[in-house]
Each structure stands twice: as C-alpha cells, then as structure tokens.
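Chain and residue survey
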Amino acid sequence: MTDLNSLFQNNRSWANAIKAEDPDFFTTLAKQQRPEFLWIGCADSRVPANEIVGLMPGELFVHRNIANCVVHTDINCHSVIEYAVKFLKVKHIIVCGHYGCGGVQAALGHEQLGVADHWIRHIRDVYYNKRKDFKGIDDDKQRVNLLCELNVKQQVANVCHTPIVQNAWSSGQELAIHGWIYDVKDGLLKKLTQTINSIESVREQYRVDGSTE
Ligand code: CO
C-alpha cells in the first residue's frame, strides 16, 4: 500500500519550488482568484486539467465528472457554470473530452455498472441520436473515439443551452464556448468545435433569452 506521507512530502516540495520562483505567489493568490477559463472535463486520472494546459493555481476553474457531461438537471455542474460566469466572469468555457474514455465506452456496451448507469444514459442517448454516423465503423476503438467526439459536441451544446450562458451573451458579456479532445496516448489536445460566442449559434428551440419573441 502506498505510504501517504510521500504525498505530503511531494506537496511540500511543490509549494517550496513555487515559493522559490515567486515568494508572494500563495499570499497573493489567497486574496482572490481571477481565472479566465472554466474547464469541464472527465474525472479520468490521466487528464489532469491544469497540467495539460500548463496553467498555475488560480488560472483555471475546474469541474470534472465521468465523461465530461453537462446534464440539464445537474445542480453541481450548473452551480459551477453559474459561479464561473456570473461572479468570476470567465471569458472561456472549455468542454474537454478524451479518447478512450471509460464512461463513453460503457455507453456503447450492455453491462450494468450501478448508479453510473443513470449518468451514462446521457451518453447512450448521444449515441442513439447519432447512430447513423457509426454506419460502416466496425472497429470498437474507433466507435468509442467517435462517440467521445460526439459527446463533447453535445456537451458544448448543452452549455450553450443554459440560461446562465445565454444571459451573459444578451448582457454583452464576453464569453466563448469551446469543445476540445485530449489524446491520452500522446498528451495532445485538439479542437473539435468552432468558437461559439453568441446566441446565433444556438438552435431556436434551445434559445431561452427571449431573442426570438
Ligand atoms: Co473519461
């Protein structure tokens, strides 16, 4: 069993290294956070948000769950989005998926996992709605990776469908939504969507800002 003392040792070395570079780093940061980015990513241990984009504490507001889902009824995720947009005034929301995602893989299978089945149902729905895109793709890994991409696109749309984001746009707040995917095999990120920064990119059915009335 891993000795947890080593984690505390790591922590002290990490804090000391930062203080050696900038003695005021933690005292300045303790007063206020001003991140420009909200990251919505997978809980997978291979996808550590700050590390893969080279950002320091204070620079990235983070929400992670199984398979980077933005579910309409999830008060946790929506509280994070609201706080990030309304109070921190982040300029970018990044939904980042990753290839080989276990949650996405489970959505293509038929095994019962437990509580997570309810969560994964959202991804199962993405697959069902986009099932035609999978025609002719027999390789299991390719199917998983395609669904990883389609899931990111759906979750980006879900972010754009929130009143929080639409209200920010209608009040003239600068806010862009992005869909990215990360490859655990080479550590690299890829853009999946165009930058979305206005209500014009949202389908009429999902507009809740009064713009079509
Ligand atoms: Co994952």
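Worth saying up front: this structure is predicted, and the values here are computed from it rather than measured.

On to the nonpolar core. For soluble globular proteins, the rule of thumb is that nonpolar side chains tend to be buried together. Ranked by internal contacts, the top residues of the largest apolar core, which has 45 residues, are Leu38, Ile81, Ile93, Trp169, Leu175 and Ile177. Counting only elements with at least two residues in this core, the list comes to β1 (37-42), α4 (75-87), β3 (92-98), α5 (102-108), α6 (116-129), α7 (140-160), α8 (163-170) and β4 (176-183). Of the residues forming this core, the biggest block, 9 residues, is contributed by α7. Setting aside residues up to four positions removed in sequence, isoleucine 177 forms contacts with Ile93, Val156, Val159, Cys160, Val165, Trp169, Gln194, Thr195 and Ile196. Of all hydrophobic cores here, the second largest spans 8 residues; its members include Ala49, Ile94, Trp180 and Tyr182.

Inspection of the secondary structure puts valine 47 in the loop between β1 and α3 (49-53). Once the C-alpha coordinates of valine 47 and cysteine 96 are considered, the two residues, 49 residues apart in sequence, prove to be 9.3 Å apart. Other than its neighbours up to four places away in sequence, valine 47 contacts Cys42, Ile52, Arg64, His98, Tyr182 and Val184.

A word on α8. Every α-helix carries 3.6 residues per turn, so stepping three or four residues along brings you back to the same face. For α8, the complete set of buried residues consists of Ile164, Val165, Gln166, Ala168 and Trp169. In this fold, the buried residues of α8 make contact with α4, β3, α7 and β4. Following α8 by one or two positions, glycine 172 has its phi on the positive side, about 85°.

Enumeration over the complete set of coordinates arrives at 4 salt bridges. In this structure, lysine 190 and glutamate 149 form a salt bridge, with 3.6 Å as the shortest nitrogen-oxygen distance. Pair noted here: lysine 190 is in strand β5 (residues 188-191) and glutamate 149 is in helix α7, with a separation of 41 residues, a long-range link. What makes lysine 190 partly exposed here is its relative accessible area of 42%.

Now for the sheet that holds β5. Sheet architecture is open: 5 strands sit in the order β2-β1-β3-β4-β5, paired in mixed fashion. One side of each edge strand has no neighbouring strand; the edge strands of this open sheet are β2 (60-65) and β5. The average angle at which neighbouring strand axes cross in this sheet is 25°, direction not considered. Of the strand pairs in this sheet, β1 and β2 are connected by 6 bridges, and their pairing is parallel. Counterpart to glycine 41 in the pairing with β2 is arginine 64. The sheet strands contacting α4 are β1, β2 and β3, and the helix crosses β2 at an angle near 170°.

The next point concerns the packing of α6 against α7. Packing of α6 against α7 brings their axes to within 10 Å, and their N-to-C directions diverge by 105°. Between α6 and α7, the interaxial angle falls into the category roughly perpendicular. Residues Ile123, Val126 and Tyr127 of α6 form the contact with α7, whose participating residues are Arg143, Leu147, Leu150, Asn151, Gln154 and Gln155. Residue composition of the contact of α6 with α7, grouped by class: 5 nonpolar, 3 polar and 1 charged.

In this model, the largest pocket occupies a volume close to 790 Å³. Considering the residues around the largest pocket, the lining is formed by 26 residues, among which Lys153, Gln154, Ala157, Asn158 and His161 are closest to the centre. Taken together, the elements giving at least two residues each to the lining of the largest pocket come down to α6 and α7. Among the elements that make up the lining of the largest pocket, the one with the highest residue count is α7 (8 residues). For the second largest pocket, the calculated volume is near 300 Å³. Along the walls of the second largest pocket sit Tyr99, Gly100, Gln105, Leu108, Asp140, Lys141, Arg143, Val144, Asn145, Asp183, Val184 and Lys185, which together make up its complete lining. Elements with a minimum of two residues in the lining of the second largest pocket: α5 and α7. Here the lining of the second largest pocket is composed, by residue class, of 4 nonpolar, 3 polar and 5 charged.

Reading the values: the criteria
Within any chain, residue numbers begin from 1 and follow the written order of that chain's sequence. Given that this is a predicted model, residues contribute local features only at a pLDDT of at least 70 and side-chain atom pairs are listed and counted only at 80 or more, while totals for whole chains, interfaces and linings are drawn from all residues. With hydrogens and water excluded, all non-hydrogen atoms of the structure serve as input to the side-chain values. Put simply, buried Ala, Val, Leu, Ile, Met, Phe, Trp, Tyr and Cys residues joined by side-chain atoms within 4.5 Å make one nonpolar core. For every residue, the accessible area (1.4 Å probe, protein chains only) is compared with the maximum for its type, and the residue is labelled buried under 20%, exposed over 50%, or partly exposed between those bounds. Secondary structure follows DSSP: runs of H or I at least 4 residues long count as helices, runs of E at least 2 residues long count as strands, and numbering of each begins at the N terminus. By definition, residues are in contact when any of their heavy atoms lie within 4.5 Å. Basic side-chain nitrogens of Lys or Arg form a salt bridge, by our definition, when they fall within 4 Å of a carboxyl oxygen of Asp or Glu. A pair of strands counts as paired when DSSP detects no fewer than two bridges linking them. Under this scheme, a helix contributes an axis fitted over its contacting stretch, all axes are lines through C-alpha atoms, and angles between N-to-C directions fall in the 0 to 180 degree range. Under this scheme an angle from 65 to 115 degrees is roughly perpendicular, one under 35 degrees roughly parallel, and one over 145 degrees roughly antiparallel; angles in between are oblique. Charged means Asp, Glu, Lys or Arg here, nonpolar means Ala, Val, Leu, Ile, Met, Phe, Trp, Tyr, Cys or Pro, and polar covers whatever is left, Gly included. A cavity here means a set of points on a 1 Å grid, drawn over the protein atoms and nothing else, where a 1.4 Å probe fits but cannot get out; a pocket is an open set with protein on both sides within 12 Å along at least five of seven lines, and a residue lines either one if it has an atom within 4 Å of a point. Grid points are joined across faces, edges and corners, and a volume is the space filled by probe spheres set on the points.

In short, geometric facts, not functional conclusions.
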